[in-house]
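# Structural description and commentary
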Amino acid sequence: MNAKKTYIGIAVIVLIFGLLVIPKIIERLSNDEVVVNDRLNVAQKQTSDSDAGDLAYIKINGKDRRVPSFKFVNQNNDTITDKDYRGKVFIVEFFFTRCPDICIPMNKNLVAIQQEFEGNDKFGIASITIDPENDSPEVLKEYAEHYNVDESNWNFLTGSRDSIYTLANEKFGLLAQENPNIEGGLLHSGYFALVDQNGFIRSRLDPFGNPKVYYKGSIPRDTPVVEDGDNAEIDILVDDIKLLLNKNTSYE
């Protein structure tokens, strides 16, 4: 008898729940008000609301990845080192002047980004060639003039092949290698690295709460923007540069 009363009691509770709660759930579904995942929502808030969030530090072996010391020569035959970028927010790309494809939109995008921060001496760009045998300072100078860049804060850099490839592949984790089977003979990534005033590589979080790590620079900025698509990357990068500049962090 007691067991029967217990079952009846449970049935009544289930009935009441159905009458009171299910209609509300249906109403919320019809109005798209249901929260999918708390973790995703937190990540999206950090990604979309730069005033409330912050950019992630990119880690390697559990440590924040910092740009190592380097020493190259630029398009004006000036020696440039990592110290020249201290206290600046800057972008790093690996490219080569004979590149027949992705370098073209990459550097057009960088020109547009530079124009966004015209006159700001706390912003810079470092374009490092992966074809040093061809890309002499003179060749890099012609390349810079072709893109009509402002050279006051943009260095096109060349140096020893070993130091460049070590910097790209091991220190940044950005692909750079020879490949005789493709046009141009060299393979590299189409990504930009964003570096803060203290030399740390930074990135915003993706919708899943993971760092994007790098920003895709090979999609033309004037491509019609698709929400959350790769062609929005340059606008995202500009926003993140502004975020770091506004923090006005002094170099350690």
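Here the structure is a predicted model, which is why all the values come from computation and not from measurement. Counting restarts for each chain: residues are numbered from 1 in the order of the written sequence. Thresholds applied to this predicted model are a pLDDT of at least 70 for local features of residues and 80 or more for the giving and counting of side-chain atom pairs; totals over whole chains, interfaces and linings are not thresholded and use all residues. Here the side-chain values reflect all heavy atoms present in the structure, with hydrogen atoms and water set aside.

### Quick notes on helix 5 (residues 137–146)
What counts is decided by this rule: Working definition: with a 1.4 Å probe on protein chains only, accessible area under 20% of the residue-type maximum means buried, over 50% means exposed, and in between means partly exposed. Only DSSP runs of H or I with at least four residues qualify as helices, and only runs of E with at least two residues qualify as strands; both kinds are numbered from the N terminus onward. By definition, the arc is the one covered by directions from the helix axis to the C-beta atoms. In this description, contact between two residues means that some pair of their heavy atoms is separated by no more than 4.5 Å.
All of the buried residues in helix 5 are P137, L140, Y143 and A144. Angularly, the buried residues of helix 5 cover 120° about the axis, an arc narrow enough to put them on a single face. Among the exposed residues of helix 5, those oriented more than 90 degrees off its buried face are E142, E145 and H146. Next to the buried residues of helix 5 lie strand 4 (71–73), strand 6 (89–95), helix 4 (103–116) and strand 8 (154–157).

### Concerning the pattern of salt bridges
What counts, and what does not: Basic side-chain nitrogens of Lys or Arg form a salt bridge, by our definition, when they fall within 4 Å of a carboxyl oxygen of Asp or Glu.
Evaluated as defined, the whole model comprises nine salt bridges. Among the ionic pairs, R98 bridges to D131, the shortest N-O distance being 2.9 Å. Taken as a pair, R98 in the loop between strand 6 and helix 4 and D131 in the loop between strand 7 (123–129) and helix 5 lie far apart in primary sequence, 33 residues in all. The class for R98 is partly exposed, based on a relative accessible area of 47%. Residue class for D131 comes out buried when judged on its relative accessible area of 4%. Two residues, R204 and D240, come together in a salt bridge whose shortest N-O distance is 2.7 Å. In this pair, R204 sits in the loop between strand 12 (201–203) and strand 13 (215–216) while D240 sits in helix 7 (residues 233–247), placing the two residues 36 residues apart along the sequence. D240 carries the same exposure label as R204, and that label is buried. Among the charged side chains, a salt-bridge network with shared partners connects D54, D196 and R202.

### Some thoughts on the nonpolar core
Filter applied, for reference: Buried residues of nine kinds, namely Ala, Val, Leu, Ile, Met, Phe, Trp, Tyr and Cys, make up a nonpolar core once their side-chain atoms join them within 4.5 Å.
Ranked by size, the top nonpolar core spans 58 residues in total, and within it V92, F94, I113, F172 and I241 carry the most contacts. Elements supplying a minimum of two residues to this core: strand 6, helix 4, strand 7, helix 5, strand 8, helix 6 (161–172), strand 11 (191–195) and helix 7. Examining the composition of this core, we find that eight residues originate from one element, helix 7, more than from any other. Discounting chain neighbours no more than four positions away, the residues touching I113 are I91, F123, I234, L237, V238 and I241.

### What about the packing of helix 4 against helix 7?
Test applied: Lines are fitted to the C-alpha atoms to define the axes, a helix being fitted only along its stretch in contact, and any angle between axes, read from their N-to-C directions, falls within 0 to 180 degrees. Helix crossings fall into two classes, left-handed where the near helix is turned counterclockwise from the far one by less than a right angle and right-handed where it is turned clockwise. Charged means Asp, Glu, Lys or Arg here, nonpolar means Ala, Val, Leu, Ile, Met, Phe, Trp, Tyr, Cys or Pro, and polar covers whatever is left, Gly included.
Where helix 4 meets helix 7, the closest approach of the two axes is 11 Å, and the angle between their N-to-C directions is 35°. Viewed along their axes, helix 4 and helix 7 form a crossing whose handedness is right-handed. Where helix 4 abuts helix 7, its residues N109, I113 and E116 lie against I234, L237, V238, I241 and K242. Here the residues of the contact of helix 4 with helix 7 sort into five nonpolar, one polar and two charged.

### Some thoughts on helix 6
Definition in use: A helix's residues, less one, multiplied by 1.5 Å, set its expected span.
Look at helix 6: 15 Å from first C-alpha to last across twelve residues, which is about the 16 Å you get at 1.5 Å a residue. G173 occupies a position one or two residues after helix 6 and carries a positive phi of about 75°.

### A short note on the packing of aromatic side chains
Quick reminder of the rule: Pairing of aromatic side chains here covers Phe, Tyr and the six-membered ring of Trp, requires ring centres within 6.5 Å, and sorts the geometry by plane angle: under 30 degrees stacked, over 60 edge-to-face, intermediate tilted. Distance and angle both matter: a charge sits over a ring if NZ of Lys or CZ of Arg is within 6 Å of the ring centre and within 35 degrees of the ring normal.
Counting across every chain of the model gives ten aromatic pairs. For the pair Y143 and F156, a centre-to-centre distance of 5.9 Å together with 75° between the ring planes defines the contact as edge-to-face. Of the two residues, Y143 sits in helix 5 while F156 sits in strand 8, which places them 13 residues apart along the sequence. Ring-pair connections join several aromatic residues into one group, and the members of that group are F95, Y143, Y147, W154 and F156. It is R202 that lies over the ring of Y57; its NZ or CZ is 3.9 Å from the centre.

### Considering the side chain of N109
Stated precisely, the cut-off is as follows: Polar contact is the term for a pair of N or O atoms within 3.5 Å; when the atoms are in protein, one must be able to donate a hydrogen and the other to accept it, and sequence-neighboring residues count only if both atoms are side-chain atoms.
With respect to the helices and strands, the residue N109 is situated in helix 4. Of the polar contacts made by the side chain of N109, one reaches the backbone oxygen of I219; its length is 2.9 Å. Ignoring any residue separated from it by four or fewer positions in sequence, one finds N109 in contact with F192, G217, I219, P220, R221 and I234.

### Regarding the pairing of strand 7
Our working rule: Pairing between strands is defined by DSSP: at least two bridges between the two strands are required. Handedness of a crossover is defined as follows: orient the strands so they point away from the viewer, and if the path from the first strand over the helix to the second runs clockwise, the crossover is right-handed.
With seven of its seven residues buried, strand 7 lies for the most part within the structure. Inspection of the sheet shows strand 6 paired to strand 7 by seven bridges, in the parallel sense. If you follow I91 over to strand 7, its bridge partner there is I125. In the classification by handedness, the crossover that spans strand 6, the intervening helix 4 and the parallel strand 7 is right-handed. Direction of pairing for strand 7 relative to strand 8: parallel, over a ladder of four bridges. When the sheet's bridge partners are listed, I125 is paired in strand 8 with W154.

### What about the side chain of N153?
With respect to the helices, strands and loops of the structure, N153 is situated in the loop between helix 5 and strand 8. Exposure remark for N153: the relative accessible area of 9% places this residue in the buried category. A distance of 3.1 Å separates the side chain of N153 from the backbone oxygen of F123, its partner in a polar contact. Contacts of N153, omitting those with residues within four sequence positions, involve Q114, N120, F123, G124 and I125.

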